Amino acid sequence: MWRADVLAALTACAIFVPECVAYAGAAGVPPQHALYAAPVSLVVYALLGSSRRVVVGATAAVAVFSGATVSALSSDPATIVQLSAALAVLTGMILLVIGAAGAGFVGDFLEPAALVGFLAGLALVVGVGQTAHLLGVDAGGGEPPRRAWRVAAELPDASVAGAAVGLTALALLILMDYFLPRVPGVLLVLVLGTAASSAGHFARHGIAVVGDVPAAYPALRPPDVGWDAWVSLGGGAAGMALIVYAVGFSLAVRLDEDPASAGPQPGREMAALGLANIGAGLVGGFGVTANPAVSAAAAKAVPRTRLMPMFAAGIVLVVGASLTPLLASLPQPVLAAIVLFAVRGFLAPSAFPRDRRDLAVAATSLVGVVTIGLLPGLLLSAALSLLLFLGEATRLRVARLGRLPGTHAYVDVVRHPAAEEVAGLLIVRPNGALFYGNARHTVAAIKAAARGPAQVVVLDLGANFHIDQPSLDALDRLRTDLGRSGVRLWLAHVHHGTADAVARSRLADAPAWLDVDTAVRAFRASGPQAGTRRPDG
């Protein structure tokens, strides 16, 4: 059982440890500070998180955001180290408080399609930087389009030898994934690349290598900053909390393949990621979240238990304490190829939704991340998710119902033309719960449907387990308007919470039935009717 977990941990660490070195530079701190945080964040999430496939540690998004936040406050290297740790602690505290308060449900309002787009945009952000490393050119700063243009402009100056090494590594990874999927290609390419670099002295031929990394192991190193610095970091911490949670939760959802589980829980993920960041900051590291590239690589090895991150933490401890010299000869182009290979899945066509609406949402989120930045793109995704939710909640579709012959089931007559309606009786059902934001629109749709020869309108309130006063007032006005035309309003499928609210309102005397079928029988028993009719009759 543990063999798959150990293999997954080795595969993850093959990318994870070198990435720690690379992303420490993006955060503006020495590489050992990433190795300080790695074992702590791995263990904390393994104990508290909801996914056995997620690997938490340094990532491009959080490292870049952290570096940009602290560099705006100080240019002193020692101060940046302390500010980075403080930012991680403060980010973790924000997540922990939200999760402990039971407000993790806010994550459910993030449109899944928007999260798909965010991850794809993040993969492009990482991809541009890693392509520059593979070619041996400088991508510069700014947004991905500007950096991509600069990489293209510097192609004539690219390192031919470095590009050959990186493209060879990438080709090997793709071929092994296709022809030898059970072989740990990432680990094999890493070993081959490091061995070739040592034997061929790649650094002498102009091929960039990772270089010397001091030995590192976690110890308590609380951030040494003043209260004014904590206050100044507040806005950045809130933004980084959004990125940490969006990446972590969306990745946990993407990698969840356990049909017996309820899936990742927002509150639990917030608490786990929050404590992982607090732990990382207290040992002198910087912000962490779920690492898409490492998690995707580990997931391919199919870990069977939650021990995989524990094994990975042990490997990182050993590497950080005594094996960091082995990283010195690792070619940067090989590392770039491994990262590009690992994140390719987030850009695969199969990762995107097929529904046109959801595809448009994902595309908008992706474009936002790529063009205006990670945090603004994430905020755009969240705003778009909220607008879509409000738009759908406030524009309910009102269906006319009829009975399927030979059954007691009442269904939408548009979707089921064989369904029979009762002459003189109009049965309608909104496709969602009534509330103050959609009551006016829904009542107008019911009035429009009731313009035919109906004696009674039966409103199916099965979607409402509670109803607010503005909705009750709107229904009372509907009853009054229908009454002017001699049409009565009945209610059906009224749940207890809704029934209690109705009983306290002016609708207390409106006939209310347990279900639609009972209302139909009551209507038939109330007097002679012309029988049933088809929807077009």
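Definitions and limits used
Residues numbered from 1 in each chain as written. Predicted model: local features only at pLDDT ≥ 70, side-chain atom pairs only at ≥ 80, totals over all residues. Heavy atoms only, no water. Buried < 20%, exposed > 50% of the residue type's maximum accessible area, 1.4 Å probe, protein only. Helix = DSSP H or I, 4+ residues; strand = E, 2+ residues; numbered from the N terminus. Arc of directions from axis to C-beta. Contact = heavy atoms within 4.5 Å. Axes fitted to C-alpha atoms, helices over the stretch in contact; angles between N-to-C directions. Parallel < 35°, antiparallel > 145°, perpendicular 65-115°, else oblique. Nonpolar A, V, L, I, M, F, W, Y, C, P; charged D, E, K, R; others polar. Phe/Tyr/Trp six-rings, centres within 6.5 Å; stacked < 30°, edge-to-face > 60°. Lys NZ or Arg CZ within 6 Å of the ring centre and 35° of its normal. Salt bridge = Lys/Arg side-chain N within 4 Å of Asp/Glu carboxyl O. Pairing = 2+ DSSP bridges. Patch = residues over 30% accessible without salt bridge, like charges linked within 9 Å, V, L, I, M, F, W, Y side chains within 5 Å. Areas by Shrake-Rupley, 256 points an atom, 1.4 Å probe, with all protein chains shown as cover. Disulfide = S-S within 2.5 Å. Core = buried A, V, L, I, M, F, W, Y, C linked by side-chain atoms within 4.5 Å. pLDDT = per-residue confidence, 0-100.

In this section: helix H13 (residues 308-323). Buried within H13 are the following residues: Met308, Pro309, Ala312, Ala313, Val316, Val319 and Gly320. Across the axial projection of H13, the buried residues extend over an arc of 135°, all falling on one side. Looking at the packing, one finds that the buried side of H13 touches helix H1 (2-27), helix H2 (32-48) and helix H12 (292-300).

In the contact formed by helix H3 (residues 60-71) and helix H10 (residues 234-255), the axes pass within 10 Å of each other and the chain directions differ by 175°. Compared by their axis directions, H3 and H10 come out roughly antiparallel. In contact with Ala61, Val62, Phe65, Ser66 and Thr69 of H3, H10 contributes Gly236, Gly239, Met240, Ile243 and Val244. Each residue belonging to the contact of H3 with H10 can be placed in one class, and the counts come to 6 nonpolar, 4 polar and no charged.

Attention now moves to the packing of aromatic side chains. For the structure on display, the rule yields 5 aromatic pairs. Seen from their ring centres, tyrosine 178 and phenylalanine 179 are 4.8 Å apart, and the 85° between their planes marks the pair as edge-to-face. Overall, tyrosine 178 belongs to the exposed group, its relative accessible area being 64%. Owing to a relative accessible area of 58%, phenylalanine 179 belongs among the exposed residues under this scheme. Between tryptophan 490 and phenylalanine 523, the ring centres sit 6.4 Å apart and the planes meet at 75°, which makes this aromatic pair edge-to-face. Taken together, the residues tryptophan 490 in strand E8 (residues 488-492) and phenylalanine 523 in helix H20 (residues 516-525) connect sequence positions 33 residues apart. With relative accessibility at 0%, the residue phenylalanine 523 sits in the buried group. Through a chain of ring-to-ring contacts, three or more aromatic side chains come together here, namely Trp490, Trp513 and Phe523. Positioned above the aromatic ring of tyrosine 36, the side-chain terminus of arginine 221 is 3.8 Å from the ring centre.

Before going further, it helps to examine the pattern of salt bridges. Under the definition given, this model contains 15 salt bridges. Of the charged contacts, one joins aspartate 138 and arginine 150 as a salt bridge, the two residues approaching to 3.3 Å between their closest N and O atoms. One end of the pair, aspartate 138, is in the loop between helix H5 (112-135) and helix H6 (144-153); the other, arginine 150, is in helix H6, and 12 residues separate them in sequence. Aspartate 177 is the partner of arginine 344 in a salt bridge, and the nearest nitrogen-oxygen pair spans 3.0 Å. Of this pair, arginine 344 sits in the loop between helix H14 (332-343) and helix H15 (356-372) while aspartate 177 sits in helix H7 (residues 160-179), and the two are 167 residues apart along the sequence. Relative accessible area serves as the criterion here: at 34%, arginine 344 is assigned to the partly exposed category. Residue classification places aspartate 177 among the partly exposed positions, given a relative accessible area of 24%. Each member of the salt-bridge network shares a partner with another, and the members are Asp473, Asp476, Arg479, Arg506 and Asp509.

Through backbone hydrogen bonds, the strands of a sheet pair up, either in parallel or in antiparallel fashion. The strand order across the open sheet built from 6 strands is E4-E3-E6-E7-E8-E9, with neighbouring strands paired in mixed fashion. The sheet is open, and its two edges are formed by strand E4 (410-412) and strand E9 (512-513), each paired on a single side. Sheet analysis places strand E6 (residues 425-430) next to strand E7 (residues 456-460), joined by 4 bridges and oriented parallel. Along E7, the bridge assignment pairs isoleucine 427 with valine 458. Along the sheet face, H20 touches E4, E6, E7, E8 and E9 and points at about 145° away from the line of E8.

With that settled, consider a nonpolar patch on the surface. On the surface, a cluster of nonpolar side chains totalling about 800 Å² of accessible area is made up of Leu172, Leu175, Tyr178, Phe179, Leu180, Val183, Leu188 and Leu192. Among the elements that make up the nonpolar patch, the one with the highest residue count is H7 (4 residues).

So, on to the state of the cysteines. As enumerated under the stated definition, the model contains 0 disulfides in all. There is no disulfide at cysteine 13, and the cysteine sulfur nearest it, in cysteine 20, is 8.7 Å away. When its relative accessible area of 1% is taken as the criterion, cysteine 20 is described as buried.

Bridging between strand E3 (residues 398-403) and E6 involves 3 bridges; their strand directions are antiparallel. Each residue of the ladder has a partner; that of alanine 399, found in E6, is arginine 429. Bridging between E3 and E4 involves 3 bridges; their strand directions are antiparallel. Paired with arginine 403 across the strands is tyrosine 410, a residue of E4.

Attention now goes to unusual backbone geometry. The phi torsion at histidine 201 lies on the positive side, around 50°, for a residue other than glycine. Along the polypeptide, histidine 201 turns up in the loop between helix H8 (185-200) and helix H9 (227-232). Using a relative accessible area of 39% as the deciding quantity, one classes histidine 201 as partly exposed. At histidine 493, a residue that is not glycine, the phi angle is positive and equals roughly 60°. Assignment of secondary structure puts histidine 493 in the loop between E8 and helix H19 (496-503). With a relative accessible area of 32%, histidine 493 lands in the partly exposed category.

Ile15, Phe16, Val55, Ile243, Phe286 and Val316 are the most contacted members of the largest nonpolar core, which has 120 residues in total. Counting residues per element, this core draws most heavily on H1, at 13 residues. Of all hydrophobic cores here, the second largest spans 26 residues; its members include Val398, Val428, Ala439 and Val487.

What follows is about the confidence of the model for the chain. In this model, the chain carries a mean pLDDT of 85, and residues with pLDDT of at least 70 account for 94%. Predicted confidence for residues 530-534 stays below pLDDT 50, and this span has 15 contacts to residues more than four positions away or in other chains.

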